Amino acid sequence: HNGELHNHNDVGSYNVLIGGELVAGDVGGEVYTARTFSPRRYESKVLSSYGHPVPRVGGRLQVLGRAAAAKVVKTDFTEQKDTVVLDIAKAYDCPTLTALTRTFVFDRQKRTVAITDNVSFSAPTAFESPVMTLKPHLLEGRLALTATGGEWEEKRETIENPGKPTPHRIAVRFKEPVAEASVSFVFSCGK
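Residues numbered from 1 in each chain as written. Predicted model: local features only at pLDDT ≥ 70, side-chain atom pairs only at ≥ 80, totals over all residues. Heavy atoms only, no water.

> Sorry, what's going on with the pattern of salt bridges here?
Two side chains carrying opposite charge are able to pair once their charged atoms lie near each other. Tallied over the full model, the rule gives 8 salt bridges. With a closest N to O distance of 2.7 Å, glutamate 154 and arginine 156 form a salt bridge. Overlapping salt bridges bring together Arg56, Glu128, Arg169 and Arg173 as one network. (Salt bridge = Lys/Arg side-chain N within 4 Å of Asp/Glu carboxyl O.)

Here you go:
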């Protein structure tokens, strides 16, 4: 939930490590300042959900508080693959949001990790979902982006983070508001 000590508003965040190296996920924090521990904490693109691998819904970031929590909807662990489904809709204050789930699948046979967001709205609404990394070159040839529900674009951004490693944000952003959509990030873990 988003009511924890030193919270980052990152419900549904994840880390993908390949060969012991962080390829994508939570890129960490910022150099602490007085603002970091003030009511202005979430002005930081690194500490707010903008700097985490979680969706923006209706142009909005995740909200603060214990009620902004994920619920485990399903788990399935087998010798071939592990699946976890989270309902992360309560992390957003968006009146048109009717459902938002995030599914994680680690497929041992395909040697892939897939993260898929499925969203639906009562009226068409803006939606985007990013991958965060400190080393974009590690994603080359390892990351496949797919989306359904409307025309989309890949948006890349470098986030300023003085005194710390530079986060890179790679987002799937729908060009027009959507009623339903799905965004998948599939990481190939190699041989």
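> Whenever I open this one, the side chain of threonine 116 confuses me. Can you help?
Here threonine 116 is to be found in strand E7 (residues 112–125). Apart from residues no more than four positions distant in its own chain, threonine 116 is found in contact with Thr101, Arg102, Thr103, Ser182, Val183 and Ser184. (Helix = DSSP H or I, 4+ residues; strand = E, 2+ residues; numbered from the N terminus. Contact = heavy atoms within 4.5 Å.)

> Please explain the sheet that holds strand E10 (residues 152–158) as it appears in this structure.
Backbone-to-backbone hydrogen bonds join strands into a sheet, with any given pair of strands oriented parallel or antiparallel. With respect to topology, 4 strands assemble into an open sheet ordered E3-E8-E11-E10, the strand pairing being antiparallel. Of all the strands in the sheet, the pair left with one neighbour each is strand E3 (56–57) and E10. Across 7 bridges, E10 lies against strand E11 (residues 168–174) in antiparallel orientation. When the sheet's bridge partners are listed, glutamate 153 is paired in E11 with arginine 173. (Pairing = 2+ DSSP bridges.)

> Help me understand the layout of surface pockets in this model?
Rolled over the atoms, a probe as big as a water molecule pinpoints where empty space is left. Taken as a whole, the largest pocket encloses approximately 220 Å³ of empty space. Around the largest pocket sit 16 residues that line it, and Asn15, Val16, Leu17, Phe106 and Val113 are the ones nearest its centre. Counting only elements with at least two residues in the lining of the largest pocket, the list comes to strand E1 (15–18), strand E5 (81–87), strand E6 (97–107) and E7. Top contributing element to the lining of the largest pocket by residue count: E1, with 4 residues. Classifying every residue of the lining of the largest pocket by side-chain character gives 11 nonpolar, 3 polar and 2 charged. (1 Å grid on protein atoms, 1.4 Å probe; cavity = no way out; pocket = protein on both sides within 12 Å on 5 of 7 lines; lining within 4 Å. Points joined across faces, edges and corners; volume = space filled by probe spheres on them. Nonpolar A, V, L, I, M, F, W, Y, C, P; charged D, E, K, R; others polar.)

> Help me understand the pairing of E6 in this model?
One face of the sheet, then the other: side chains in a regular strand alternate in exactly this way. Relative to E6, E5 is paired through 7 bridges, and the arrangement is antiparallel. Its bridge partner being in E6, aspartate 87 is matched across the sheet by threonine 101. Pairing of E6 with E7 involves 10 bridges; the strand directions are antiparallel. Bridge assignment links leucine 100 to a residue of E7, and that residue is valine 119. Hairpin remark: E6 followed by E7, antiparallel, with 4 residues in the connecting loop; positive phi at arginine 111, about 60°.

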